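Read off the chains here:
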Amino acid sequence: MIDTHCHLDGEEFREDLDAVVQRAREAEVKAVGVPGIDLKSCKSVMEVCRRYPDYCFPMLGLHPEEVRADWREVLMAIAPAVREAIAIGEVGLDFYWSREFEQAQLQVFEEQVRWSVELQLPLMIHCRKAQNEMIHILKKYEGDLPGGVFHCFTGNVLEAQELLHFDRFVLGIGGVLTFKKSKLPETLSEVVPLDRIVLETDAPYMAPVPMRGQRNEPAFVAHVCRKLSEVYGVSEDTVNAVTTANATRIFHL
């Protein structure tokens, strides 16, 4: 399995990171994508990935919720390191809590989409309450984008179909799939082929059932895999093989 999205550089893992990585290896997680969210975390992401070479892989970018008035300076500081990453992320749009920096978020996202085109690096996209605006920007560059992941997909059938229109992109599926009230199993089985999915945890957040309420970690991606095998009526080995192939293709691992 590949956990394509895990914040291993977070404070939550400071005390036992070696043990977390060891449990991931024992759970047959063969690689972990570690996204940055701001300038400070882009540095800590690189530190973690150098600590576990050929296992943890860096993604660098400015997260929409971290966009402030100084966004130009922050992007200028992040840009030189992006060439060392396997993807640009975690980037996107988030108007869930506030639209205070809406215009800045749009500019920041579009600039990082341009990075993706220029460097031919895939995008790790976070989007909440902003799918129309995100699609509008992506369509301008659609022919030149190398692909990427729509991280933490939890939407409905129509939203899934809109995202699948971008044929070089896949949906990141995590712990929400396992939640009791989630409609995601029905959405996936109706319109999303397995070869358009990658596994993720978004650890330390959103631990899957039966670990819900605990700190999430990459080993728990096995529970997402297990639920996907139920949703698609295939073996866990098949889910492993297909989603790993998808992640390997997207991120050139």
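Calculation rules
- Residues numbered from 1 in each chain as written.
- Predicted model: local features only at pLDDT ≥ 70, side-chain atom pairs only at ≥ 80, totals over all residues.
- Heavy atoms only, no water.
- Phe/Tyr/Trp six-rings, centres within 6.5 Å; stacked < 30°, edge-to-face > 60°.
- Helix = DSSP H or I, 4+ residues; strand = E, 2+ residues; numbered from the N terminus.
- Buried < 20%, exposed > 50% of the residue type's maximum accessible area, 1.4 Å probe, protein only.
- Lys NZ or Arg CZ within 6 Å of the ring centre and 35° of its normal.
- Axes fitted to C-alpha atoms, helices over the stretch in contact; angles between N-to-C directions.
- Parallel < 35°, antiparallel > 145°, perpendicular 65-115°, else oblique.
- Left-handed = near helix turned anticlockwise from the far one by under 90°.
- Contact = heavy atoms within 4.5 Å.
- Nonpolar A, V, L, I, M, F, W, Y, C, P; charged D, E, K, R; others polar.
- Salt bridge = Lys/Arg side-chain N within 4 Å of Asp/Glu carboxyl O.
- Expected span 1.5 Å × (residues − 1).

Draft legend 1. Molecular detail of the packing of aromatic side chains. Applying the stated criterion across every chain, the model contains four aromatic pairs. Summarising the aromatic geometry, the rings of Phe 150 and Phe 169 are spaced 5.0 Å apart at their centres and angled 25° between planes, so their arrangement reads as stacked. Of this pair, Phe 150 sits in strand β6 (residues 148–150) while Phe 169 is found in strand β7 (residues 169–173), placing the two residues 19 residues apart along the sequence. This pair shows no difference in class: Phe 150 is buried, exactly as Phe 169 is. Look at Phe 166 and Phe 169: their rings are 6.2 Å apart centre to centre, the planes differ by 75°, and that puts the pair in the edge-to-face class. With respect to class, Phe 166 is no different from Phe 169; both count as buried. Aromatic ring contacts, followed pair by pair, group Phe 150, Phe 166 and Phe 169 into a single cluster. The side chain of Arg 25 reaches across the aromatic face of Tyr 55, ending 4.1 Å from its centre. Taking NZ or CZ as reference, Arg 212 lies 3.6 Å from the ring centre of Phe 179, over its face.

Draft legend 2. Molecular detail of the packing of helix α7 (residues 184–191) against helix α8 (residues 221–232). Running from amino to carboxyl end, α7 crosses α8 at an angle of 55°, the nearest separation of the two axes being 9 Å. Between α7 and α8, the angle is such that the two are oblique. Crossing handedness for the pair α7 and α8: right-handed. Across from Pro 185, Leu 188 and Ser 189 in α7, the residues of α8 making contact are Lys 227, Leu 228, Val 231 and Tyr 232. Of the residues in the contact of α7 with α8, the class split is five nonpolar, one polar and one charged.

Draft legend 3. Focus on the pattern of salt bridges. In the structure shown here, the tally under the stated rule is 17 salt bridges. Here Arg 99 ties to Glu 102 by a salt bridge, and the two come within 3.1 Å at their closest N and O atoms. Glu 111 is paired through a salt bridge with Arg 114; the nearest N and O atoms lie 2.8 Å apart. Of this pair, Glu 111 and Arg 114 both sit in helix α4 (residues 102–119), three residues apart, roughly one helical turn. Classification of Glu 111 as partly exposed rests on a relative accessible area of 28%. One connected set of salt bridges, linked through shared partners, spans Asp 16, Arg 23, Arg 215 and Glu 217.

Draft legend 4. The environment of Ser 182, seen in detail. Topologically, Ser 182 is positioned in the loop between β7 and α7. Considered as a pair, Ser 182 and Leu 119 are 63 residues apart in the sequence and their alpha carbons are 37 Å apart. Dropping the residues within four chain positions of it, Ser 182 is found in contact with Val 176 and Leu 177.

Draft legend 5. Layout of α8. For α8, which comprises twelve residues, the first-to-last C-alpha distance of 17 Å matches the rise-based estimate of 16 Å (1.5 Å per residue) to within 8%. α8 sits mainly inside the fold: nine of its twelve residues count as buried. The set of residues buried in α8 consists of Val 221, Ala 222, His 223, Val 224, Cys 225, Leu 228, Ser 229, Val 231 and Tyr 232. For α8, the secondary structure elements touched by its buried residues are β7, α7, β8 (197–199) and α9 (236–251). Positive backbone phi, approximately 65°, marks Gly 233, located one or two places after α8.

Draft legend 6. Structural context of the environment of Lys 139. Mapped onto the secondary structure, Lys 139 falls in helix α5 (residues 131–140). A sequence separation of 27 residues divides Lys 139 from Phe 166, and the C-alpha atoms of the two residues are 8.6 Å apart. When sequence neighbours within four positions are dropped, the list of residues in contact with Lys 139 reads His 165 and Phe 166.

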